[in-house]
Amino acid sequence: MALMGLDVGTSGVKCTIANDHGGVISEAYRAYPTLMPKPGYFELNANQLWDATKATMKEALAQTSEKVFAVAASSFGEAFTTVDANQNVLTNFMTMTDIRGTEEMERLSERISDETITEKTSLKPALTYSLSKLMWIHEEAPEIYEHIDKILPGGAFITYRLTGGVAASDYALSARTLCFNANTREWDDDIIAAAGLDKRIFPKAVPMGTVVGELDPKLAEELGLSYHDIKVVIGTHDQIAAGIGGAVDEPNIALNGTGTVDCILPIFKKDQIDVAVNASHNYPLVPYMDDLFTTYAYIFDGGALVNWYKETFGRSEQHAAEVTGASVYDIFDSECPKEPTHLLFLPHLSGAALPYMNPFSKGCMMGMDRNTDKGTFYRALAEGTAMELKVNIDTLAQGGVKINALRATGGGTASDLHMQIKADVWNLPIEVMKVKNAGTLGLIIMGGVASGIFKDYHEAMHAMNEPRITFYPDPKNVAFYAEQYEKYKKLYKAQKEILGIE
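Described below are features of the structure shown in this document. Please read all numbers here as calculations on a predicted model, not as lab measurements.

**Structural notes on the layout of surface pockets**
Within this model, the second largest pocket holds a volume of roughly 210 Å³. Around the second largest pocket, the lining comprises 14 residues; the ones closest to its centre are Pro337, Lys338, Glu339, Arg379 and Leu417. Among the elements of the structure, helix H14 (328–334), helix H16 (416–426) and helix H19 (475–488) are those that each provide at least two residues to the lining of the second largest pocket. Broken down by element, the lining of the second largest pocket gets its largest block of residues, four residues, from H16. In terms of residue class, the lining of the second largest pocket is built from four nonpolar, three polar and seven charged.

**As for the nonpolar core**
With 92 residues, the main nonpolar core has Ile244, Ile264, Tyr288 and Trp426 as its most contacted residues. Considering every element that reaches this core, the biggest residue donor is helix H15 (residues 374–398), with 11 residues. Each residue touching Tyr288, except ones within four places of it in the same chain, is listed here: Met208, Ile240, Gly243, Ile244, Val248, Leu265, Ile267, Phe293, Thr294 and Met461. Membership of the second largest hydrophobic core comes to 39 residues, among which are Ala2, Ala73, Val83 and Ala220.

**What to know about the packing of aromatic side chains**
Throughout the structure, instances matching the rule amount to 17 aromatic pairs. Arranged with centres 5.4 Å apart and planes meeting at 80°, the rings of Phe180 and Trp187 form a pair that is edge-to-face. Phe180 sits in the buried class, given a relative accessible area of 2%. Taken together, the ring pairs connect Trp308, Tyr309, Phe313, Tyr329, Phe332, Phe377 and Tyr378 into an aromatic cluster. Residue placement shows Arg100 over the ring face of Tyr41; its charged tip is 3.7 Å from the ring centre. The cationic tip of Lys390 hangs over the ring face of Tyr485; the distance from NZ or CZ to the ring centre is 5.0 Å.

**Looking at a nonpolar patch on the surface**
A contiguous nonpolar patch, built from Trp308, Phe313 and Leu349 and spanning about 250 Å² of accessible area, is present on the exposed surface. Along the polypeptide, Trp308 turns up in helix H12 (residues 303–313). The exposure class assigned to Trp308 is partly exposed, which follows from its relative accessible area of 32%.

**Things to note about the packing of H16 against H19**
At a closest axis distance of 7 Å, the pairing of H16 and H19 adopts a crossing angle of 65°. Compared by their axis directions, H16 and H19 come out roughly perpendicular. Relative to H19, H16 is oriented so that their crossing is right-handed. Across the interface between the two elements, Ile421, Asp424 and Val425 from H16 touch Asn477, Val478 and Tyr481 from H19. Looking at side-chain class alone, the contact of H16 with H19 contains four nonpolar, one polar and one charged residues.

**Concerning the sheet that holds strand E6 (residues 80–83)**
One open sheet holds the four strands; their spatial order is E4-E7-E6-E8, and the pairing between them is antiparallel. The strands lining the two open edges of the sheet, one partner per strand, are strand E4 (43–44) and strand E8 (150–153). Both E6 and E8 contribute to a ladder of four bridges, which runs antiparallel. In the sheet register, Thr82 faces E8, and the bridge partner there is Ile151. Along the sheet, helix H1 (residues 46–62) contacts E4, E6 and strand E7 (89–94); its crossing angle with E7, the most-contacted strand, is approximately 85°.

**Observations regarding the pattern of salt bridges**
This structure, assessed with the given rule, holds 24 salt bridges. Across the salt bridge formed by Glu339 and Lys476, the nearest N and O atoms sit 3.7 Å from each other. Of this pair, Glu339 sits in the loop between H14 and strand E20 (344–346) while Lys476 sits in helix H19; the two residues are 137 residues apart in sequence, bridging distant segments of the chain. In this structure Glu339 comes out as partly exposed when scored by relative accessible area, which is 43%.

**A look at H16**
Within an α-helix, residues lying three or four positions from one another point in the same direction, as the helix has 3.6 residues per turn. Of all 11 residues in H16, nine are buried, a share of seventy percent or more. Inspection of H16 places Leu417, His418, Met419, Ile421, Lys422, Ala423, Asp424, Val425 and Trp426 among the buried residues, and these make up the whole buried set. One or two residues past the end of H16 sits Asn427, with phi positive at roughly 55°.

**A look at the pairing of strand E5 (residues 68–75)**
Counting buried positions over the eight residues of E5 gives seven, a clear majority of the element. Pairing analysis gives seven bridges linking strand E1 (residues 2–8) to E5, with the strands arranged parallel. Paired with Gly5 across the two strands is Ala72, which belongs to E5. In terms of strand pairing, E5 meets strand E14 (residues 231–233) through three bridges, oriented parallel. Its bridge partner lying in E14, Val71 is registered against Val232.

What counts as what
Residues numbered from 1 in each chain as written. Predicted model: local features only at pLDDT ≥ 70, side-chain atom pairs only at ≥ 80, totals over all residues. Heavy atoms only, no water. 1 Å grid on protein atoms, 1.4 Å probe; cavity = no way out; pocket = protein on both sides within 12 Å on 5 of 7 lines; lining within 4 Å. Points joined across faces, edges and corners; volume = space filled by probe spheres on them. Helix = DSSP H or I, 4+ residues; strand = E, 2+ residues; numbered from the N terminus. Nonpolar A, V, L, I, M, F, W, Y, C, P; charged D, E, K, R; others polar. Core = buried A, V, L, I, M, F, W, Y, C linked by side-chain atoms within 4.5 Å. Buried < 20%, exposed > 50% of the residue type's maximum accessible area, 1.4 Å probe, protein only. Contact = heavy atoms within 4.5 Å. Phe/Tyr/Trp six-rings, centres within 6.5 Å; stacked < 30°, edge-to-face > 60°. Lys NZ or Arg CZ within 6 Å of the ring centre and 35° of its normal. Patch = residues over 30% accessible without salt bridge, like charges linked within 9 Å, V, L, I, M, F, W, Y side chains within 5 Å. Areas by Shrake-Rupley, 256 points an atom, 1.4 Å probe, with all protein chains shown as cover. Salt bridge = Lys/Arg side-chain N within 4 Å of Asp/Glu carboxyl O. Axes fitted to C-alpha atoms, helices over the stretch in contact; angles between N-to-C directions. Parallel < 35°, antiparallel > 145°, perpendicular 65-115°, else oblique. Left-handed = near helix turned anticlockwise from the far one by under 90°. Pairing = 2+ DSSP bridges.

In structure tokens form, the structure reads like this:
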């Protein structure tokens, strides 16, 4: 019995087919480029993304004779595409970093207050969300807007194509538009009207895991299948899918997703927290499973920072890895000192994410001398990442979001060094899960529950993933890092003042 998950990212799509025990049967991946037609414009070609998705499905299906019972898709948040009544794509995906809609958002605040929007959506109005770009299309490209039948977030677009035209989006992806009411779990009439948009263009909002149809027969034929009775299940935001795949299902436990972006996904009940305080720090309120909620605490430069180091300083290690067959990242780890460094590193090479959301912030390293070697520098990068995420853990606590332990997934969990540093800096135990690719596993779990293979998410989560190893805080390092952290917290303010950053 096989289940399929499609994880649609900003740089590529992954298809995983697994059995009902979580064992991977086959996988495939296709990359696609980010388009920058003008300065400040960041897009993904929607047709190219769909072609890549079909190619991964066809490749993964060709590797197994198992019948697939269900498929679900997850994606990045914020970005969306638009389609007309004949299912033709009208616009590329505009990603969260696209600057279009700046003036439109300023005009929106004259029609509906930021406080009202925050009360409804649990989000502080910002250019990153879909609403600004939708308003831009409405005002700057009316010839396109008048032909829009539906706007579709990434995962919703894939579902639309899988079913041959069902327009539906889960609550979590819908919430990244700034048009979705987190309290009623419906599209918000007041915000949409203030933005000058038509409510008819928004897809139906449903809970993740909802069955919305079967695979389009024409698509099944194109994929070489002799059957099409595959349940198409609504997926979710990729971070939520990773939480499901990481077996995070109880309050005060959080997922640490260690990918390109390093993210903490805490689980809580709504009555435990102060929504307004969290929103003031840019943390949204996001429906999770059952009566549970979550939020996103992330930094841009997680795995991306390691890749930057590899390309900038790691040429000799890359050559050694090619010669020996070892992992270049294992080589980096082996070059690090065993003890904590005295360096302080602010990991804002791509700007500051949460809780600041300041795209103009810059990275900096403090405390280097002539004894600072590459290994020390590399360890300091890991320490800075952990410190920045601790800022988020502490800020979340101000709004009532408590974290007592974490479960970690993703490529970064391959490094014992990085995981131990996090446990020491955060002074929290971290369970590294057996299945690293929790995103597609979460989708497979959704398909399994929707197909009746599992009675609920809790059963499926613990049947398909479990801890591989636990990292416990080292008391000596905890004490040292606590002192370093007090210094670290001054870095952001200092570099803003020095560089004249708002």
